[in-house]
Amino acid sequence: MLKFRVIPCLDVKDGRVVKGINFVDLRDAGDPVESAVAYDAAGADELCFLDITASHENRGTILDVVQRTAEACFMQLTVGGGVRTIEDIRKLLLAGADKVSIMTAAVQDRNFVREAAEKFGSQCIVVAIDAKQTQPGKWEVFTHGGRKPTGIDAVTYAEEVVSLGAGEILLTSMDRDGTRIGFDIPLTRSIADSVAVPLIASGGVGNLDHLVEGVRDGHATAVLAASIFHFGEFTIRQAKEHMVAAGLPMRMD
Amino acid sequence: MTVAIVNYGSGNLHSASKAFELAARTSGFSGDVTVTSDPEIVRRAERIVLPGVGAFADCRRGLDAVPGMIESMSEAVLLRGKPFLGICVGMQLLATRGLEHETSAGLDWIKGDVEPIRPTDPSLKVPHMGWNTLSPSIGHPLLAGIPTGDRGLHAYFVHSFQLSAKTDSDIIARTEYGGAIVAMVGRDNIAGTQFHPEKSQKLGLALIANFLGWRP
């Protein structure tokens, strides 16, 4: 039986982890590779790096991070942030990323999704959607960290990118991100139920019940969280045990 | 003693080679693991690994684009009986035909077609992506010592197509996803995994170690 997935996400800036993990004694909490190895050992089902490097000159730093991570741990790695061209995707995959997540570039040009999926296969193309509620039961796609509205309906957009070849959706509620009050369940469920590909729910996790709700009520096949894991509030193991206790099948190898 | 991981432009082989190196170290395998696109090295290798990600037809074209590679693999595997492991699309390429986007010929080492997964439960998502358990249909040396079944170890899958092997005895293991999905095929000195052993932690490293010691 396929298991639901728990995915910690690390923000990486200029090759260093921002708000690094502190649940284990790392020699260097800012080293993404050390953090990745720690999560691998802790039982994370996949790992996500979000590259938030601002300056163009430093964009290459993520490639080195990805390469060293892929050499040090044997887990699925998704990398996103600032991916704009086919060449960006190629470089990340060649460095060792298993999946690449694209956001703004897909909003600006849907054909980019098609082109990427045809070139590299749907299995490695994740489309990240940042969505905000505009009226009850309606959500709009935003870019630039939730600052820029696009006028595009999030559910319609998700269906469109999947029809173009996206193999997975990474959905973040911008209303919930950072609030720790739980996923936006109606949003998550609306999109999960309207697309045929797996959906990762993100934004708002503050406790372990939220992870259960994302899967059970939101119909996500994976849940992504950052702060509850990084600061050692909960271990990955505790999260998965909690989900098992709620009746969800999880990998406990 | 060389393990050749065939490089034909199908994505990154870092993690595959690192996983094989790690399994080699921990299992006391005395040989070297090399990633190569040189048909001569493949022809002379003691063990051959064919990885593959992306679409079937693209991978087939990539393999064809390396002059002499298929001939070298065929000689080593079919004539000289060298142990062979195909991974993901590298496993699917063993089939007679691939039906992804277009119909293209496989190596035809395992009879059958590569067809879309169609889970009986429409709420199940495709790709089949994530961790799943294995149900072996036969005992196979590559699964020796690995806990399988519902309470067994997990393997990492990510695929939308599967190799529907014609000959039942060519199916080593299945996995459950709205019906049975072929997880592992093989005959004689040939084996293939739909899942990624190089991304499957304990199960994967144990399987790779078994492959390095396999004497079919």
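Residues numbered from 1 in each chain as written. Chains lettered and ligands numbered in written order. Predicted model: local features only at pLDDT ≥ 70, side-chain atom pairs only at ≥ 80, totals over all residues. Heavy atoms only, no water.

### Quick look at the overall build of chain A
Our working rule: Working definition: helices are DSSP H or I runs of at least four residues, strands are E runs of at least two. Numbering for both runs from the N terminus. Each radius of gyration is computed over the set of C-alpha atoms, and the globule rule expresses the reference value as 2.2 Å times the number of residues to the power 0.38. A 1.4 Å probe rolled over the protein chains alone gives each residue an accessible area, and that area as a share of the maximum for its type sets the label: buried under 20%, exposed over 50%, partly exposed in between. The contact definition used throughout considers only heavy atoms, calling two residues in contact when any of these lie within 4.5 Å. Charge assignment: positive for Lys and Arg, negative for Asp and Glu; neither His nor the chain ends contribute. Where a charge sits is defined by one atom per residue type, namely NZ (Lys), CZ (Arg), CG (Asp) or CD (Glu).
Each helix and strand in chain A was counted, giving ten helices and eleven strands. Computed over C-alpha atoms, the radius of gyration of chain A comes to 17 Å, within 12% of the 18 Å expected from 2.2 N^0.38 for 253 residues, which places it in the range of a compact globule. Principal axes of the C-alpha set define a box for chain A whose edges measure 45 × 45 × 35 Å. Within chain A, the fraction of its 253 residues that count as buried is 57%. Within chain A, counting contacts between residues at least 6 apart in sequence, those at least 24 apart form 64% of the total. Of the charged side chains in chain A, 26 are positive and 35 negative, and the gap between their average positions amounts to 1 Å.

### Looking at unusual backbone geometry
Omega for the bond connecting B:V126 with B:P127 falls within 30 degrees of zero, at 5°, which places this linkage in the cis form. Here B:P127 shows up in the loop between β7 (112-116) and β8 (128-133). Positioned with a positive phi, A:D14 is a non-glycine residue whose angle comes to about 50°. Non-glycine residue B:D108 carries a positive phi angle of around 65°.

### Comments concerning the nonpolar core
So the rule is basically this: Among the buried residues, those of types Ala, Val, Leu, Ile, Met, Phe, Trp, Tyr and Cys that are joined through side-chain atoms within 4.5 Å form a nonpolar core.
Among the nonpolar cores identified, the biggest contains 74 residues, and A:I89, A:I102 and A:V127 are the most heavily contacted of them. The biggest single contributor to this core is helix α6 (residues 154-163) of chain A, with six residues. B:L50, B:M69, B:L134 and B:L203 belong to the second-largest nonpolar core, a separate cluster that totals 66 residues.

### Topic: the sheet that holds strand β11 (residues 161-165) of chain B
All names here are of chain B. Applicable threshold: Pairing between strands requires that DSSP locate at least two bridges from one strand to the other.
Pairing is mixed in the open sheet, where four strands are placed in the order β6-β5-β7-β11. Of all the strands in the sheet, the pair left with one neighbour each is β6 (104-105) and β11. Inspection of the sheet shows β7 paired to β11 by five bridges, in the antiparallel sense. Each residue of the ladder has a partner; that of G112, found in β11, is A165.

### Describing the packing of α6(A) against helix α7 (residues 185-194) of chain A
Residue and element names in this part refer to chain A. Convention followed: In this description, a line fitted to the C-alpha atoms serves as the axis of each element, helices being fitted only across the stretch in contact, and the angle between N-to-C directions of two axes falls anywhere from 0 to 180 degrees. If an angle is under 35 degrees, it is roughly parallel; if it is over 145, roughly antiparallel; if it lies from 65 to 115, roughly perpendicular; otherwise it is oblique. By definition, turning the near helix anticlockwise from the far helix through less than a right angle yields a left-handed crossing, and turning it clockwise yields a right-handed one. Put simply, Ala, Val, Leu, Ile, Met, Phe, Trp, Tyr, Cys and Pro go in the nonpolar bin, Asp, Glu, Lys and Arg in the charged bin, and everything else, Gly too, in the polar bin.
For the pair α6 and α7, interaxial distance at closest approach is 9 Å and the crossing angle is 30°. Here α6 is positioned roughly parallel relative to α7, judged by the angle of their axes. With respect to the hand of their crossing, α6 and α7 are arranged in right-handed fashion. Touching A154, V155, A158 and E159 of α6 are S190, I191 and S194, all from α7. The class makeup of the residues in the contact of α6 with α7 is four nonpolar, two polar and one charged.

### A look at the interface of chain B and chain A
Put simply, the rule reads: Defined here as a combined quantity, buried area equals the accessible surface (1.4 Å probe) lost by two parts on assembly, summed across both. Just to be clear on terms, a salt bridge is a Lys or Arg side-chain nitrogen sitting within 4 Å of an Asp or Glu carboxyl oxygen.
Each partner contributes to the interface: chain B provides 30 residues, whereas chain A provides 35 residues. Interface area, chain B with chain A, both sides summed: about 2800 Å², of which 54% is carbon and sulfur. On the chain B side of the contact with chain A, B:K125, B:M129 and B:W131 bury the most area, a combined 26% of that side's loss. Connecting chain B to chain A are one salt bridge. Linking B:K199 and A:D98 is a salt bridge whose minimum nitrogen-to-oxygen distance equals 3.0 Å. Residue assignment for the side of chain B that touches chain A shows that the elements contributing at least two residues are α1 (14-27), β8, β10 (154-159) and α6 (201-213) of chain B.

### Structural notes on the pattern of salt bridges
A pair can form between side chains of opposite charge whenever their charged atoms are brought close. One pass over the full model with this rule turns up 29 salt bridges over all chains. Linking A:D45 and A:R251 is a salt bridge whose minimum nitrogen-to-oxygen distance equals 2.9 Å. With A:D45 in the loop between α1 (32-42) and β3 (47-51) and A:R251 in the segment after α10 (236-245), this residue pair connects regions lying 206 residues apart in the sequence. For the pair formed by A:D45 and A:R251, the shared burial category is buried. As a salt-bridge pair, A:R110 and A:E160 come within 3.2 Å of each other at their nearest N and O atoms. Taken together, the residues span a long stretch of sequence, with A:R110 in the loop between α4 (104-108) and α5 (111-120) and A:E160 in helix α6 at a distance of 50 residues. Exposure remark for A:E160: the relative accessible area of 33% places this residue in the partly exposed category. A cluster of three or more residues bridged by salt bridges with shared partners is formed by B:E40, B:R43, B:R44, B:E75 and B:R80.

### What to know about the side chain of B:K82
Locating B:K82 in the fold gives a position in the loop between α4 (69-79) and β4 (84-87). Among residues more than four places away in sequence, those in contact with B:K82 are B:A45, B:E46, B:A76, B:V77 and B:N189.

### Quick word on the sheet that holds β4(B)
Residue and element names in this part refer to chain B. The strand order β2-β1-β3-β4-β14-β13-β12-β9 describes an open sheet built from eight strands, whose pairing is mixed. Across the chains shown, the open sheet's two edge strands, defined by having one partner strand only, are β2 (32-36) and β9 (135-136). Sheet analysis places β4 next to strand β14 (residues 190-193), joined by four bridges and oriented parallel. Note on β14: the bridge partner recorded for L85 is A191.

### Description of the pairing of β3(A)
All names here are of chain A. Note the cut-off: We call a crossover right-handed when, viewed with the strands running away from us, the connection from the first strand over the helix to the second turns clockwise.
For β3, the buried fraction is high: four of the five residues fall into the buried class. As paired elements, strand β1 (residues 5-13) and β3 share four bridges and run parallel to each other. Its bridge partner lying in β3, L10 is registered against F49. Relative to strand β4 (residues 77-80), β3 runs parallel, the two being bridged by four bridges. By the bridge assignment, F49 is partnered in β4 with V79. Handedness of the crossover is the feature at issue here: the chain leaves β3, passes through helix α2 (residues 61-72), returns alongside β4, and the resulting connection is right-handed.

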